[in-house]
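# Summary of the model geometry
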Amino acid sequence: MDISDNLRPHPCSTICYNGDVIDDIGVIMVKSEISDDYTYVAVIESGTVDHFGFLKQDYLIVDSIGLIYDIYTILNMKPLTINQLLEKIKGDKKVWDIYARSDDEMCINQFEKYKSAVKVSKYKPQNISELTQMVAALRPAFSSMYSVFESRQHFDYGIPELDDLIQDAFSHSSFILYQETLMKVLNYAGFTLNETYPIIKAISKKKTKVIMDAKEKFIKNFTDKTGSFVVPAKVWTIIENSASYGFNSAHAYCMALDSVTLAWMKAYYPLEFYGVALDRYTGKEDKNKVRKLRVEAMRNNIKVLPIAFTKDNRRYSINKDTNTINQSMSSIKYLQSNCAGILYQLGEKKYDNLLMLFHDIKNAKVQNKSIIILIKLGYFNQYGSITDVMLQYSSYLNTQKMITKFSTNKIISRAKISCFFNLDNLINMFEKISEKQLRYPTTEFAQYVKSNWKSIFDYYMERDKDIYSLSDKLIFRIAWEIQYIGCTQLIDTTLSDYFYVIESAEVNKYGTTFCTLYQVNNGEDIQCKIPKSRGKSSVLYEQGDIVYGIIIKKNKKQNDGKGNYVDSPELENVLTDYSLILDREKEMCYNDII
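Note that the structure is predicted; figures quoted are calculated from it, not measured. (Residues numbered from 1 in each chain as written. Predicted model: local features only at pLDDT ≥ 70, side-chain atom pairs only at ≥ 80, totals over all residues. Heavy atoms only, no water.)

### Details of the overall build of the protein
The criterion, for reference: Numbering of helices and strands starts at the N terminus; helices are DSSP runs of H or I of at least 4 residues and strands are runs of E of at least 2. In this treatment the radius of gyration is a C-alpha quantity, and the globule benchmark scales as 2.2 Å times the residue count to the 0.38 power. A simple rule labels every residue: compare its accessible area, found with a 1.4 Å probe on the protein chains alone, to the largest value its type can have, and call it buried under 20%, exposed over 50%, or partly exposed in between. Residues count as neighbours in contact if any of their non-hydrogen atoms are within 4.5 Å of one another. Computed with the Shrake-Rupley method and a 1.4 Å probe, the accessible areas treat only the protein chains shown as cover for residues. For this count, His and the chain ends are skipped, Lys and Arg are scored as positive, and Asp and Glu as negative. The location of each charge is read from NZ of Lys, CZ of Arg, CG of Asp or CD of Glu.
Within the protein one finds 25 helices and 15 strands. Relative to its length of 594 residues, the protein is extended, with a C-alpha radius of gyration of 33 Å against a globular reference of 25 Å. Dimensions along the principal axes, computed over C-alpha positions, put the protein at roughly 115 × 65 × 55 Å. Across the 594 residues of the protein, 43% fall into the buried class. Counting contacts in the protein only where the partners sit at least 6 residues apart, residues at least 24 apart contribute 59% of the total. When the accessible surface of the protein is totalled, it reaches about 33100 Å², and 50% of it is carbon and sulfur. Within the protein, one finds 74 positive and 72 negative side-chain charges whose respective centroids are separated by 5 Å.

The structure is reproduced here in structure tokens:
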């Protein structure tokens with residue numbers, strides 16, 4: 001008898017039974033590990049369900065369905081029936097071309113990841129049947145036959161009876177793509193249909209004895225039936241692969257329908273598609289996905305408008321008249337979560353100058369780091385350039401700091417206070433005066449300082465006017481947008497081909513950096529390797545860093561099987577003669593203002 005000592009409730013499975021579950025199977029109450037809620041659980045595990053032939057159904061939250069629903073809602077459109085959808089996509093080049101572009105697969109169900117996007121772009125499905133097959137073919141179960149399938153080569157076993165059993169009106173090759181096909185093949189080899197599904201489950205759960213018994217019977221019966229000693233072993237290998245992670249045809253078909261619905265929406269309603277997707281995944285705090293969606297939207301000529309004071313940047317929204325998307329602050333890295341709401345409320349007021357606006361922003365408890373990020377992203381550009389705004393904010397902070405210091409300190413340096421005020425006007429406002437210090441100020445002094453704050457502000461404006469001179473350089477604006485938003489629409493055509501901004505970077509265990517570089521003068525994304533410099537400590541490259549270097553193509557290295565790494569035919573981009581731009585002025589631009 002098997003003993004289980006670590007049973008856990010299945011989060012989404014439901015047993016479908018036409019008897020009394022409480023009396024026949026047993027039910028207990030369990031407490032959720034996530035919440036404090038209690039729920040009822042049938043005391044039976046998957047193997048027992050399969051053994052008795054009960055029906056078990058899994059209920060899952062499918063994110064693509066939620067996205068489809070949200071897009072239909074913003075379109076104010078009743079969801080299409082399956083037949084209506086199939087009629088719309090039939091022979092529609094605009095829809096099927098979505099699958100032919102590996103860089104246009106964001107949010108397309110089953111094909112969003114890079115590897116699957118590349119695979120489907122090579123296969124180029126042209127109808128729902130081919131797309132369903134592609135969905136099933138992507139599973140690890142089909143790996144041994146995938147390259148033949150992708151290249152659209154014909155495949156059969158050379159056994160007419162078996163090939164006729166597998167092939168149908170939708171597939172003229174003998175690919176075992178679905179669990180139903182697998183069951184047909186097992187049935188062909190002498191197993192009853194009732195025996196076929198338990199064998200598939202046994203293979204997927206790696207039950208060795210059941211597998212070996214089934215394999216022995218399969219090889220013998222298949223050989224007796226076909227007279228072949230080679231094909232049975234090959235077919236059994238495919239069966240084992242397929243049983244591990246294969247789909248049934250209904251599952252693959254449903255996923256293909258979800259996928260092509262999104263492809264149709266992206267093809268015919270791109271503005272609504274990207275607007276809804278950006279808002280949805282911003283709400284889910286999936287900033288990497290939001291970044292990729294923004295890049296793809298821009299590549300499809302949909303402009304994501306920059307954030308700006310007085311605009312509603314609390315969430316993404318679309319403007320059909322201008323074919324633009326209004327950006328959400330929630331997708332900006334390191335920004336205070338309630339910042340957008342606070343600034344939206346302040347934007348309903350009228351501010352003649354930045355100082356009053358900064359005063360209200362600080363009183364609303366917006367963090368200093370968030371304000372600096374917004375300045376770098378041009379949020380306050382209606383009041384001046386980034387250089388002007390940065391200088392005014394720095395001077396404002398220094399002024400507030402100095403007012404507080406003068407209002408609380410009992411001893412004040414004559415040299416310091418003379419930077420701001422005429423000492424002759426202040427002598428009578430202190431109880432003691434020495435050559436270097438003014439001591440014990442009266443309340444009149446504190447009032448004087450507050451009334452004449454402009455003198456302090458003007459001093460800092462003049463003193464620091466050259467510190468932020470590089471802030472309006474386009475390359476730094478590009479770097480800041482990539483650093484905080486993850487992408488940019490800006491380019492600087494005045495710079496050479498050798499300037500890049502790092503969009504993403506990963507370092508392998510050997511210290512080599514693999515990254516995506518944004519070429520500043522044309523906006524191209526380049527996948528690149530940055531080798532570790534010999535004799536130098538490795539540099540940790542981060543999103544938004546500016547690098548200067550030359551990209552060349554080199555042969556990738558591969559192991560020759562003898563422990564030696566030799567050149568392979570495949571080429572890769574390698575950054576050479578490179579340097580990270582970190583001069584004093586650049587550092588000032590990046591550092592938070594204190």
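### Some remarks on helix H23 (residues 453–463)
Along an α-helix, residues three or four apart share an orientation, since each turn contains 3.6 residues. Note the following rule: The arc under discussion is defined with respect to the helix axis, by the directions toward the C-beta atoms.
Every buried residue of H23 is listed here: Ile 456, Phe 457 and Tyr 460. Buried residues along H23 cover an arc of 95° about the axis, so they all sit on one side.

### Description of the sheet that holds strand E9 (residues 430–433)
Selection rule: Note on pairing: two strands pair once DSSP finds at least 2 bridges between them. Every angle, taken between N-to-C directions, lies between 0 and 180 degrees, and every axis is a line fitted to C-alpha atoms, over only the stretch in contact when it is a helix.
Spatially, three strands are ordered E8-E10-E9 in an open sheet, and the strand pairing comes out antiparallel. Whereas interior strands pair on both sides, the edge strands pair on one side only; in this sheet they are strand E8 (411–413) and E9. Recorded for the sheet is a direction-independent mean angle of 30° between the axes of neighbouring strands. Across three bridges, E9 lies against strand E10 (residues 437–441) in antiparallel orientation. The residue bridging Phe 430 from the neighbouring strand is Pro 441, located in E10.

### What about the environment of Leu 495?
Turning to its location among the elements, Leu 495 is positioned in the loop between helix H24 (474–484) and strand E11 (499–507). Distance in space between the C-alpha atoms of Leu 495 and Ser 46 is 63 Å, their sequence separation being 449 residues.

### Section: the confidence of the model for the protein
Note the cut-off: Looking at any residue, its pLDDT shows the predictor's confidence there, from 0 to 100.
Per-residue pLDDT for the protein averages 87, and the proportion of residues at 70 or more is 95%. At the level of individual helices and strands, the protein shows its lowest average pLDDT in helix H25 (residues 584–590), which scores 40, and its highest in helix H4 (residues 82–89), which scores 97. Throughout residues 583–594 the model reports pLDDT below 50, and contacts reaching past four residues in sequence, or to other chains, amount to 27 contacts.

### Focus on a nonpolar patch on the surface
Convention followed: Exposure above 30% relative accessible area and the lack of any salt bridge qualify a residue for a patch; like charges then connect within 9 Å, and the nonpolar side chains Val, Leu, Ile, Met, Phe, Trp and Tyr within 5 Å. Note on definitions: salt bridges are taken to be side-chain nitrogens of Lys or Arg within 4 Å of carboxyl oxygens of Asp or Glu.
Together, Ile 22, Val 27, Met 29, Tyr 38 and Tyr 40 make up a nonpolar patch on the protein surface, roughly 580 Å² of accessible area in all. Counting only elements with at least two residues in the nonpolar patch, the list comes to strand E2 (27–31) and strand E3 (38–42).

### Details of the environment of Cys 107
By the secondary structure assignment, Cys 107 is in the loop between helix H5 (93–100) and helix H6 (114–123). The class for Cys 107 is buried, based on a relative accessible area of 6%. Sequence separation between Cys 107 and Ala 277 is 170 residues; the distance between their C-alpha atoms is 7.8 Å. If sequence neighbours within four positions are ignored, Cys 107 has contacts with Leu 67, Glu 112, Leu 262, Phe 273, Ala 277, Tyr 281, Lys 289 and Leu 293.

### Overview of the pattern of salt bridges
Using the criterion set out here, one finds 21 salt bridges in the structure. Among the ionic pairs, Arg 314 bridges to Asp 312, the shortest N-O distance being 2.8 Å. You can call Asp 312 partly exposed: its relative accessible area is 28%. Residues joined in a network through salt bridges with shared partners are Asp 63, Asp 70, Arg 280 and Lys 284.

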